[in-house]
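# Tertiary structure, described
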Amino acid sequence: MDKLQKFSPVIVAIVMALFPTPEGLQPEAWYFLSIFVGVVVGLIVEPVPAALVGLVGVTVVAMLGLVDPSPTASRNWALSGFSNGVIWLIFSAFMFAMGYKKTGLGKRISLILIKHLGKNTLGLGYAIAFSDLVLSPFMPSNTARSAGTIYPIASNIPPMFNSTPENEPRKIGSYLTWVAFAATCVTSSMFLTALAPNLLAVDLITQGTGITIQWGQWAKIMIPLMLPLFLLTPWLAYVIYPPTQKHSPEAPDWAASELNKMGKVSTKEFMMLGYALVALLFWIFGKELGVNSTVAAMFVLAMMVVTDVINWQDVISNKGAWNVLVWFATLVAMASGLKKAGVLKWIGELVSTNLQGMPTETVAIMLVVLFFVLHYFFASTTAHTTALLPLFLAIAKPLIPPELMPTFAILLAGSLGVMGIITPYATGPAPIWYGSGFISQARWWALGAIFGGLYLLCMVGATIFYA
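The structure contained in this document is the topic of the report that follows.

## Digging into the overall build of the protein chain
Helix and strand counts for the protein chain come out as 23 helices and zero strands. The C-alpha atoms of the protein chain give a radius of gyration of 23 Å, which matches the 23 Å a tight globule of 467 residues would have. If you line up the protein chain on its principal axes, its C-alpha atoms span 70 × 50 × 50 Å. Computed over 24 positive and 19 negative side-chain charges, the separation of the two mean positions in the protein chain equals 7 Å.

## A word on the nonpolar core
Counting residues in hydrophobic clusters, the biggest one holds 167 residues, and the most contacted among them are W77 and W178. Not counting the four nearest positions on each side in its chain, W77 is found in contact with F32, V58, V61, A62, V67, A333, M334, S336, G337 and K340.

## Description of the side chain of S146
In this fold, S146 is placed in helix α9 (residues 142-154). A distance of 2.8 Å separates polar atoms of two side chains, one belonging to S146 and the other to W433. Not counting residues within four places of it along the chain, the set of residues in contact with S146 comprises D132, Y151, A180, T184, P429 and W433.

## Quick word on the side chain of D314
Examined against the element boundaries, D314 turns out to sit in helix α16 (residues 312-316). Since its relative accessible area comes to 15%, D314 is described here as buried. Among the polar contacts made by the side chain of D314, one reaches the side chain of K102 at a distance of 2.4 Å. With residues near it in sequence (within four places) discarded, D314 still touches M98 and K102.

## Quick look at the packing of helix α8 (residues 121-135) against helix α12 (residues 215-240)
One can describe the packing of α8 onto α12 by two numbers: an axis separation of 10 Å at closest approach and a directional angle of 145 degrees. Considering the relative orientation of α8 and α12, their crossing is right-handed. Facing α8, whose interface residues are T121, L122, G125, Y126, A129, F130 and L133, α12 presents F230, L231, P234, W235 and Y238. Taken together, the residues of the contact of α8 with α12 sort by class into 10 nonpolar, two polar and no charged.

## With respect to unusual backbone geometry
Unusually for a residue other than glycine, N162 sits at a positive phi of about 60 degrees. For N162, the position within the fold is in the loop between α9 and α10 (173-190). The partly exposed category is assigned to N162, whose relative accessible area is 46%. Positive phi is not limited to glycine here, since D308 has a value of about 65 degrees. Among the structural elements, D308 can be located in the loop between α15 (293-306) and α16.

## Structural notes on the packing of helix α11 (residues 196-209) against helix α21 (residues 405-418)
Running from N to C, α11 and α21 cross one another at 150 degrees; their axes reach a closest spacing of 9 Å. Compared by their axis directions, α11 and α21 come out roughly antiparallel. Of the two possible hands of crossing, α11 and α21 adopt the one that is right-handed. Residues P197, N198, A201, I205 and T209 of α11 pack against M405, A409, A413 and L416 of α21. Looking at the contact of α11 with α21 residue by residue, the class counts come to seven nonpolar, two polar and no charged.

## Observations concerning empty space enclosed by the protein
This model, assessed by the stated rule, comprises one cavity of 30 Å³ or more. In this model, the largest cavity occupies a volume close to 90 Å³. The wall of the largest cavity is formed by T360, A364, I400, L404, T407, F408, L411, T463, Y466 and A467. Along the lines of polarity and charge, the residues of the lining of the largest cavity split into seven nonpolar, three polar and no charged.

## A word on the environment of S34
With respect to the helices and strands, S34 occurs in helix α3 (residues 27-45). For the pair S34 and A442, spaced 408 residues apart in sequence, the C-alpha to C-alpha distance is 36 Å. At 2.9 Å, the side chain of S34 and the backbone oxygen of W30 are in polar contact.

## Observations regarding the pattern of salt bridges
The full count for this structure, using the stated rule, is six salt bridges. Between D314 and K102 there is a salt bridge whose closest N-O contact spans 2.4 Å. You can see D314 sitting in helix α16 and its partner K102 sitting in helix α6 (residues 85-103), a full 212 residues away along the chain. Residue K102 is classed as partly exposed on the basis of its relative accessible area of 44%.

## A closer look at a nonpolar patch on the surface
A cluster of nonpolar side chains, namely L4, F7, V10, I11, I14, V15, L18 and F19, defines an oily patch on the protein surface of about 810 Å² accessible area. A per-element tally of the nonpolar patch places helix α2 (residues 8-18) first, with five residues. Within the secondary structure, F19 is located in the loop between α2 and α3.

## Points about the packing of aromatic side chains
On inspection of all chains with the given rule, the structure shows 18 aromatic pairs. With a centroid separation of 5.6 Å and an interplanar angle of 65 degrees, the aromatic rings of W178 and F451 are classed as edge-to-face. Remark: F451 occurs in helix α23 (residues 441-466) and W178 occurs in helix α10; sequence separation between them is 273 residues. As far as burial versus exposure is concerned, W178 and F451 are alike and both buried. Above the plane of the ring of Y238 lies K246, whose end atom (NZ or CZ) is 4.7 Å from the centre.

Cut-offs used in this document
- Residues numbered from 1 in each chain as written.
- Predicted model: local features only at pLDDT ≥ 70, side-chain atom pairs only at ≥ 80, totals over all residues.
- Heavy atoms only, no water.
- Helix = DSSP H or I, 4+ residues; strand = E, 2+ residues; numbered from the N terminus.
- Rg over C-alpha atoms; globule rule 2.2 N^0.38 Å.
- Lys, Arg positive; Asp, Glu negative; His and termini not counted.
- Charge placed at Lys NZ, Arg CZ, Asp CG, Glu CD.
- Core = buried A, V, L, I, M, F, W, Y, C linked by side-chain atoms within 4.5 Å.
- Buried < 20%, exposed > 50% of the residue type's maximum accessible area, 1.4 Å probe, protein only.
- Contact = heavy atoms within 4.5 Å.
- Polar contact = N/O pair within 3.5 Å; in protein donor to acceptor, adjacent residues only side chain to side chain.
- Axes fitted to C-alpha atoms, helices over the stretch in contact; angles between N-to-C directions.
- Left-handed = near helix turned anticlockwise from the far one by under 90°.
- Nonpolar A, V, L, I, M, F, W, Y, C, P; charged D, E, K, R; others polar.
- Parallel < 35°, antiparallel > 145°, perpendicular 65-115°, else oblique.
- 1 Å grid on protein atoms, 1.4 Å probe; cavity = no way out; pocket = protein on both sides within 12 Å on 5 of 7 lines; lining within 4 Å.
- Points joined across faces, edges and corners; volume = space filled by probe spheres on them.
- Salt bridge = Lys/Arg side-chain N within 4 Å of Asp/Glu carboxyl O.
- Patch = residues over 30% accessible without salt bridge, like charges linked within 9 Å, V, L, I, M, F, W, Y side chains within 5 Å.
- Areas by Shrake-Rupley, 256 points an atom, 1.4 Å probe, with all protein chains shown as cover.
- Phe/Tyr/Trp six-rings, centres within 6.5 Å; stacked < 30°, edge-to-face > 60°.
- Lys NZ or Arg CZ within 6 Å of the ring centre and 35° of its normal.

Here's what the structure looks like:
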């Protein structure tokens, strides 16, 4: 890595800190904001692992006492993210994903759908999309879901028709690649637990506005909005980017043979399915049952280990889950520091002054569109969420009526999944599907613009409807 790029987060933070403190901010707040911007740059260029970027940012701020001069208070702030319930909900959901993979349940679901829907290429597209849909409420990593579970299965289909990146990619491979990727972007917005940054966003919303968003509240708005998009996506891809191979008689036979190799549904697969349904019921009805969603997830995780669906070694060796735990815990602390230091209030007042007097509908649409389009500059949905969501909420708070804020906040956070469609680097699964080689870079950007425009139009339509 180029040395300048490697040290760019530090350089940005130092240079910004050397500028005079803006009017209305305390010097400590300006230094904190400088370090926060440096952290965001670090998340974008990743000179070191993202979790380490967040850890460095939190510890530097705590060492300098920028949030609170008291050493004890600084320590408590730095560790606050690790006691955050949402972070442990994300961690537990990663373990659910491991259970799907280890038991083979995720693979079996995908193969069953291909067996019954895969007689033609459009049906194959729907089979792959529905595989993602079935898994999405229980797998908060769309990378694990799409790239880790579905990609290994879907990648076996194009070679059956002699469609490779080098030989007739448009025959079937390009179409299936785009459908699989586009579908996971839609399902990532459909469910609160389908994308880890969704859960992070909900916590940031609570910190910034005091509004607590439950699984069911999210589903009530996002499922009616995303379900039509989900059902249209394979067909739209079939029309806009059609495969030259229209029928796929070999695919169901291949899926059937793979299912035969797997044998009968195992006891552990049934158990995993049961645990997933129990977790989902508590996520939906937990408030009425008096059980916190994080507690329910941790309980189900414990039962999975006790009954040997996964074992304790699986838990402690899951580097991805522990990495996300540290990563998100430090980012939650950094985001909360923006409020504690008075940065968000300062920015919100600065921007809202210029928007004062505009109709609520206009302000809401402007913020939703800008929040979506700015993702072109981010290679991480998490970085986008951490950097921009608290800022946009601070701007919206004095301009959006309190009774509309919960819905507006859900729409803003709900766009995090679908905005992943726009570039080959916009979300975790993108590099995997793009890297398969079936779709050229120019074509990917063009398709991203078309589908991204459609998805954004739906978000704007929903904003108008609810405003």
